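Descriptive structure summary
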Amino acid sequence: MDAIRILGGVPLTGEIVIGGAKNAALPLMACTLLTDKPLTLINMPELVDISTMSNLLRQHGARIDQSALAPGAGGEAGATGRSMTMTSERITSITAPYDLVRRMRASVLVLGPLLARMGEAKVSLPGGCAIGTRPVDLHLKALEALGAKIDVKGGYIHATAPGGLKGANVVFPKVTVGGTENLLMAASLAKGDTVLENAAREPEIGNLAECLNAMGAKISGIGSGTLKITGVPLLHGARVAVIPDRIETGTYAIAGAITRGDVVLKGTRFDLLESVFSAMRQAGVTVEPVEGGVRVAAENGLVGVDVMTEPFPGFPTDMQAQWMALMATANGASMITETIFENRFMHVPELTRFGADVNVHGASAIIRGRKALSGAPVMATDLRASSSLILAGLAAEGETLVNRIYHLDRGYERLEEKLGACGARIERIGGG
Ligand code: EPZ
């Protein structure tokens, strides 16, 4: 199994091009199941999760063509990436099998589209994962409100709506990104009006709603917590750009800050990550929008800043582990409170191997910053935990070996290359 070896302590300088957002691309891909016409996505990242979703869609009957794009052709300034055209003329299977769903929970996003188009779907129930139990009960309750009949049997969700889905008022008791996405897709082909209240407001939801509208859907309230969808009988093809990855942006922003370097993140947008940038500024990091991206620079003397994870526009849970790595190198104490997932401090024991001083009390962690971290062999447990270990390794004196890096390949494209181009001494080695 591959590992990543880092010789830390080098301030990063240079430019990093940010790719298309994994968490936007996955629901956009699921939209192919809503129409028999071609859907083209541009600025697509090249990631293991994208291949997993492609395999899932193919076995539902989608034909997928990919092509490389010239730099800058992605729609956002400086964006690179591929384009992907998906055509699902005929749905050949309404079943999302266990073997694919267990690899990636986002597979559950085929439920809404399959049910809406075919009147039936069978999707393996995603199990728990490293960061929490992560049920899908809110997706199912909301689909039931639209008239679906749902049975969970033999590990599968079996959803049927023989007469088609019917618009309804849905109030989510808790903000759910995936639940909002499944419902937006399903309600687009339902009869009549649906209102989703307490809907997620993440930028990835906006990207999905704009894509559906480009396909002929009628969604209003985009960007707010109340989305109104007027169902249409048919959707057509479209060509849509995937928004820049805000979590990749934030991870490299912290790479610049934690190494006390100076980096420009190209092809991304400041407004996607204001909560993180504002906390970085409070910590003493320079963060400024520049043409085509964001510049991040830091010197020694950063100070601890408390954060609490919250749905967008709050501080994202997907940046919590990386923030902890940065705070481990700041002066003074800081507190991180995790409110989204119940088990998202798996990186703490690994960060302490670098000499980080972190104490967890329930949903909060107290970090007492240190002048220097020292390199260590560590083990990645999930995607964002892995990136926090890479960040700590970049800052630490000496050698770090991050094992189990397959998690990283799910969400970070060409990570070693991007960091290496800014001066990081980082390489992938086999057999770790
Ligand atoms: C999305 O997951 C992201 N994944 C996650 O990113 C991200 O951490 C999360 O949103 C929160 O921002 C994708 O977009 C593919 P939720 P999702 O439904 O949709 C509870 C990464 O690293 N809940 O908003 O699964 C749930 O357990 C990943 O890229 C229910 O109780 O998250 C959690 O506590 C990790 N019942 C909270 O709501 C439900 O039916 C928010 O989950 C659904 C969710």
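Residues numbered from 1 in each chain as written. Predicted model: local features only at pLDDT ≥ 70, side-chain atom pairs only at ≥ 80, totals over all residues. Heavy atoms only, no water.

This part takes up the overall build of the chain. Helix and strand counts for the chain stand at 14 helices and 24 strands. The C-alpha extent of the chain, read off along each of the three principal axes, is 65 × 45 × 40 Å. Of all 432 residues assigned to the chain, the portion counted as buried reaches 56%. For the chain, the proportion of contacts with a sequence separation of at least 24, taken over those separated by at least 6, is 74%. Of the roughly 15,900 Å² that the chain leaves accessible, carbon and sulfur atoms contribute 51%. Mean positive and mean negative side-chain charge positions of the chain (41 and 42 charges, respectively) differ by 5 Å. (Helix = DSSP H or I, 4+ residues; strand = E, 2+ residues; numbered from the N terminus. Buried < 20%, exposed > 50% of the residue type's maximum accessible area, 1.4 Å probe, protein only. Contact = heavy atoms within 4.5 Å. Areas by Shrake-Rupley, 256 points an atom, 1.4 Å probe, with all protein chains shown as cover. Lys, Arg positive; Asp, Glu negative; His and termini not counted. Charge placed at Lys NZ, Arg CZ, Asp CG, Glu CD.)

What follows covers the site of the ligand. Around the ligand, 22 residues are found, and the nearest of them are Asp137, Leu138, Thr176, Asp318 and Ile340. Within the contact set of the ligand, an oxygen atom lies 2.7 Å away from a backbone nitrogen or oxygen of Leu138. One of the side-chain nitrogen or oxygen atoms of Arg344 is found 3.5 Å away from an oxygen atom of the ligand. The protein chains hide 87% of the 830 Å² of surface that the ligand would expose on its own. (Near = heavy atom within 4 Å. Polar contact = N/O pair within 3.5 Å; in protein donor to acceptor, adjacent residues only side chain to side chain.)

One pass over the full model with this rule turns up 22 salt bridges. Residues joined by salt bridges that share partners form a network here, namely Asp2, Asp409, Glu416 and Arg428. (Salt bridge = Lys/Arg side-chain N within 4 Å of Asp/Glu carboxyl O.)

What follows covers the sheet that holds strand β8 (residues 149–153). In spatial order, the strands read β6-β7-β9-β8; together these four strands make up an open sheet with mixed pairing. Two strands in the sheet have a free side with no partner beyond their single neighbour: β6 (95–96) and β8. Sheet topology places β6 next to strand β7 (residues 120–124); two bridges connect them, and they run parallel. Looking at β7, one finds that Thr95 is bridged to Lys122. (Pairing = 2+ DSSP bridges.)

Before going further, it helps to examine the sheet that holds strand β24 (residues 425–429). The strand order across the open sheet formed by four strands is β22-β23-β1-β24, and the pairing between neighbours is mixed. The open sheet has two edge strands, β22 (377–379) and β24, and neither has a second partner. Looking at each pair of strands side by side, their axes are set apart by 20° on average, direction ignored. Of the strand pairs in this sheet, strand β1 (residues 3–7) and strand β23 (residues 399–403) are connected by four bridges, and their pairing is antiparallel. From the neighbouring strand, Ile4 faces β23, where its bridge partner is Val402. Against the sheet, helix α12 (residues 383–395) contacts β1, β22, β23 and β24, and its axis sits at roughly 25° relative to β1. (Axes fitted to C-alpha atoms, helices over the stretch in contact; angles between N-to-C directions.)

This part takes up the environment of Arg239. Note that Arg239 resides in strand β14 (residues 238–241). Overall, Arg239 belongs to the exposed group, its relative accessible area being 58%. For the pair Arg239 and Met86, spaced 153 residues apart in sequence, the C-alpha to C-alpha distance is 11 Å.

Helix length check: helix α8 (residues 246–258), at 13 residues, gives a terminal C-alpha distance of 18 Å against a target of 18 Å (1.5 Å per residue), a fit within 8%. α8 sits mainly inside the fold: 13 of its 13 residues count as buried. N-capping of α8 is provided by Asp245, with a side-chain oxygen placed 2.9 Å from the backbone N of Ile247. After α8 finishes, the residue Arg260 shows a positive phi value of roughly 55°. (Expected span 1.5 Å × (residues − 1).)

Right, let's get into the side chain of Asp245. Within the secondary structure, Asp245 sits in the loop between β14 and α8. The buried charged residue Asp245 lacks any salt bridge, with Arg384 as its nearest oppositely charged partner at 5.3 Å. Excluding residues that lie within four positions of it along the chain, Asp245 makes contacts with Ile18, Gly19, Gly20, Ala21 and Lys22.

The next point concerns the nonpolar core. Counting 77 residues, the largest nonpolar core has Leu184 and Leu212 as the members making the most contacts within it. Per element, the largest residue contribution to this core is six residues, and it comes from helix α1 (residues 22–30). What Leu184 contacts, discounting residues up to four positions off in sequence, is Leu196, Ile205, Leu208, Ala209, Leu212, Ile219, Leu227 and Ile229. Counting residues in each nonpolar core, the second largest holds 67 residues, with Ile4, Leu12, Ala283 and Ala365 among its members. (Core = buried A, V, L, I, M, F, W, Y, C linked by side-chain atoms within 4.5 Å.)

So, about the pairing of β8. Relative to strand β9 (residues 156–160), β8 runs antiparallel, the two being bridged by five bridges. Residue pairing in the sheet places Lys149 in a bridge with Thr160 of β9. What sits between β8 and β9 in their antiparallel hairpin is a turn of two residues, with Gly154 showing a positive phi close to 60°.

Right, let's talk about the confidence of the model for the chain for a bit. Regions with low pLDDT carry predicted coordinates that are not meant to be interpreted in detail. Of the residues in the chain, 96% reach a pLDDT of 70 or more, and the chain-wide mean stands at 95. Scored below 50 in pLDDT, residues 72–79 shows 20 contacts in the model against residues more than four places distant or in partner chains. (pLDDT = per-residue confidence, 0-100.)

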